[in-house]
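Breakdown of the fold
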Amino acid sequence: MSLSAIDQQHIWHPYTQHQTCGPLPVLVKGKGIYLWDENEKKYIDGISSWWCNPFGHANEDLASAMFQQASTLEHVLFGGFTHKPAIELVEKLLPLLPSNQKKIFFSDNGSTAVEVALKAALQFFHNQGIKKNKIIAFEDAFHGDTFGAMASSGIGLFTEAFKESLLQVIRIPVPVKGQEDKAFSALKVALEDEGVAAFIFEPLCQGAAGMIMYEAPILDQFIDVCQKAGVLTIADEVMTGFWKTGRCFASDYLTHKPDIICLSKALTGGTLPMAITTFTQAIFDGFLSSDPGIALLHGHTFTANPTACAVAKKALELLENPEMQQGIDFIHQKHLVFKEKWKHDLRVENIRVLGVILAFDMVRPDKEAYYGNFRNQLYAFFIENGLLLRPIGNTIYILPPFIINDEELNKVYSLLEEAIDKFS
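Residues numbered from 1 in each chain as written. Predicted model: local features only at pLDDT ≥ 70, side-chain atom pairs only at ≥ 80, totals over all residues. Heavy atoms only, no water.

Focus: the overall build of the chain
If you tally the helices and strands in the chain, you get 14 helices and 16 strands. For the chain, whose C-alpha radius of gyration is 22 Å, the value lies close to the compact-globule estimate of 22 Å for 424 residues. Taking the principal axes of the C-alpha coordinates as reference, the chain spans close to 65 × 55 × 45 Å. Across the 424 residues that make up the chain, the buried fraction comes to 53%. Looking at the chain alone, contacts between residues at least 24 apart form 69% of all its contacts between residues at least 6 apart. A total accessible area of about 19400 Å² is found for the chain, and carbon and sulfur atoms account for 53% of it. (Helix = DSSP H or I, 4+ residues; strand = E, 2+ residues; numbered from the N terminus. Rg over C-alpha atoms; globule rule 2.2 N^0.38 Å. Buried < 20%, exposed > 50% of the residue type's maximum accessible area, 1.4 Å probe, protein only. Contact = heavy atoms within 4.5 Å. Areas by Shrake-Rupley, 256 points an atom, 1.4 Å probe, with all protein chains shown as cover.)

With respect to the layout of surface pockets
By volume, the largest pocket is sized at about 1400 Å³. In terms of lining residues, the largest pocket is bounded by 32 residues, among which Pro14, Tyr15, Thr16, Tyr379 and Arg390 are the most central. Counting residues per element, the ones that place at least two in the lining of the largest pocket are helix H2 (48–51), helix H7 (156–159) and helix H13 (373–384). Among the elements that line the lining of the largest pocket, the one with the most residues is H13, at five residues. (1 Å grid on protein atoms, 1.4 Å probe; cavity = no way out; pocket = protein on both sides within 12 Å on 5 of 7 lines; lining within 4 Å. Points joined across faces, edges and corners; volume = space filled by probe spheres on them.)

Describing the pairing of strand E7 (residues 196–201)
Among the six residues of E7, six are classified as buried, and the element is accordingly described as predominantly covered. One ladder, built from four bridges, connects strand E5 (residues 134–138) with E7; its direction is parallel. Bridge assignment links Lys134 to a residue of E7, and that residue is Val196. Summarising the sheet, E7 and strand E10 (residues 232–236) pair through four bridges and their orientation is parallel. Each bridged residue has a counterpart across the sheet, and for Ile200 the counterpart in E10 is Ile234. (Pairing = 2+ DSSP bridges.)

Regarding the sheet that holds strand E4 (residues 103–107)
Whenever strands of a sheet pair, they do so through backbone hydrogen bonds, lying parallel or antiparallel. Strand order in the open sheet formed by seven strands is E4-E12-E11-E10-E7-E5-E6, and the pairing between neighbours is mixed. In this open sheet, the two edge strands, each paired with only one partner strand, are E4 and strand E6 (168–172). Taking each pair of neighbouring strands and ignoring which way they run, the sheet shows an average axis angle of 20°. Looking at chain direction, E5 and E6 are connected through five bridges and run parallel. Across the sheet, residue Ile136 finds its bridge partner in E6, namely Ile170. Most of the contacts of helix H8 (residues 180–190) go to E6, to which it runs at about 155°, and overall it touches E5, E6 and E7. Each of E5, E6, E7 and E10 touches helix H9 (residues 216–228); the most contacted strand, E7, lies at about 165° to it. (Axes fitted to C-alpha atoms, helices over the stretch in contact; angles between N-to-C directions.)

Looking at helix H4 (residues 84–93)
Every buried residue of H4 is accounted for by Pro85, Ala86, Leu89 and Leu93. Taken around the axis of H4, the buried residues stretch over an arc of 100°, which confines them to a single face. Facing away from the buried side of H4, by more than 90 degrees, are the exposed residues Lys84 and Glu91. Looking at the buried side of H4, the elements it contacts are helix H3 (60–70), E4, strand E11 (260–263), strand E12 (275–279) and helix H11 (306–319). (Arc of directions from axis to C-beta.)

Points about the packing of aromatic side chains
Scanning all chains against the criterion turns up 23 aromatic pairs. Aromatic pair Phe78 and Phe106: ring centres 5.8 Å apart, planes at 80°, arrangement edge-to-face. A residue pair is termed long-range when its members are at least 10 positions apart, and Phe78 in the loop between H3 and H4 and Phe106 in strand E4 qualify at 28 residues. Grouped by ring-pair contacts, the aromatic residues Tyr15, Trp50, Phe142, Phe158, Tyr370 and Tyr371 constitute a single cluster. Of note, Lys29 hangs over the ring of Trp36, and the distance from its end group to the ring centre comes to 4.5 Å. Across from the ring centre of Phe423, 5.7 Å away, lies the NZ or CZ of Lys422, which sits over that ring. (Phe/Tyr/Trp six-rings, centres within 6.5 Å; stacked < 30°, edge-to-face > 60°. Lys NZ or Arg CZ within 6 Å of the ring centre and 35° of its normal.)

Some words on the nonpolar core
Core analysis: the largest hydrophobic core is formed by 107 residues, its most contacted members being Phe199, Met211, Phe222, Phe242 and Leu416. Once residues within four sequence positions are removed from consideration, Met211 is found in contact with Trp51, Cys205, Gln206, Met239, Arg352, Ile357, Ala359, Tyr397 and Leu399. Counting residues in each nonpolar core, the second largest holds 25 residues, with Phe105, Ile260, Ile283 and Phe287 among its members. (Core = buried A, V, L, I, M, F, W, Y, C linked by side-chain atoms within 4.5 Å.)

Brief notes about the pattern of salt bridges
The full count for this structure, using the stated rule, is 15 salt bridges. Its salt-bridge partner being Lys31, residue Glu60 comes within 3.7 Å of it at the nearest N-O pair. Of this pair, Glu60 sits in helix H3 while Lys31 sits in strand E1 (residues 27–31), and the two are 29 residues apart along the sequence. Where Lys228 meets Asp224, a salt bridge forms, and the shortest distance between an N and an O atom there is 3.3 Å. Of this pair, Lys228 and Asp224 both sit in helix H9, four residues apart, which is roughly one turn of that helix. When its relative accessible area of 68% is taken as the criterion, Lys228 is described as exposed. Linked through salt bridges whose partners overlap, the residues forming this network are Lys313, Lys314 and Glu317. (Salt bridge = Lys/Arg side-chain N within 4 Å of Asp/Glu carboxyl O.)

If you want it as structure tokens, here you go:
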């Protein structure tokens, strides 16, 4: 039986309707920006494998860090112990974070990073005897697939089946250009509810919603008014973190810094699963007591896995490398040229660039479904032509590895232009 046949018979894939899904490409190798399937077809990874792989694939420095640590201490429980790789990673990460972030909590992935943030926010007030059981979140947000993360997400396709079982959420509009006042007014109304514990947001760019972008000054106002109202602010930087927006964190564009930050994806360069939730000292102090029930009683089997910690430390070193920083700026400048070329074409609209992210919307007569037929046609076109992208409805975006070169990026742009011609 072929690998593809075994896959179809036994494996349940994420975000996949298997009734309509045919055989999937079987990938066997990756190197740099490329992936190869079992038939030796080559694909450019145009979205860094769901925003995780800034260095592309099979990076030798990350592989070496992984091997060396796995050969010494591959895993140990983090309850009742600590270890050198976690401590060294914290020492490397903290100086990169906003200066108000003082405490690091480890978990496994973006959803669990958000789950930790929400649980801590709610319990912070519970520990003080204050009943706060609601959160504020943007419409169309996506924060993950665990229950707290789902609750704070606003995309009905992902949450409809569970809506009666979720946390109470007050949803407000995203403050995109022209909607800032409306969104800010909605936030102020939401803050009148004394049961609100936290406001969670994807800073400057909502990834899974279709790379919806908004400006730093309005988010600064949101954070300021929340903090003055005693509401904790949570920045979900799972997608935006680690220089994708042109700065280490999207929060670096802000004057008012969030109280809690969620990190994952590029944290380990796409090599091993790991997530981190960071906190201010004041939040951490809210869990100190002689009563064990006041502690944050949350954990995961692979919390602070030593091998993942060692790889994450190496990934942070690579990201700070001058050549990598030049690659980030190179991609950004190339995106701006593409934007200028196409901004007046009537077949596309809302071309937007933030750091290494480029997105635009195909003009369609009707609103396209998130995973609808048009999106599937676009996806199939790109795969057929050796480019891994995941369009969202009628939105096409790229978020390439930072190591992509001029020729490779021009090939990606060329396929984007072919798609505009073919599907307009």
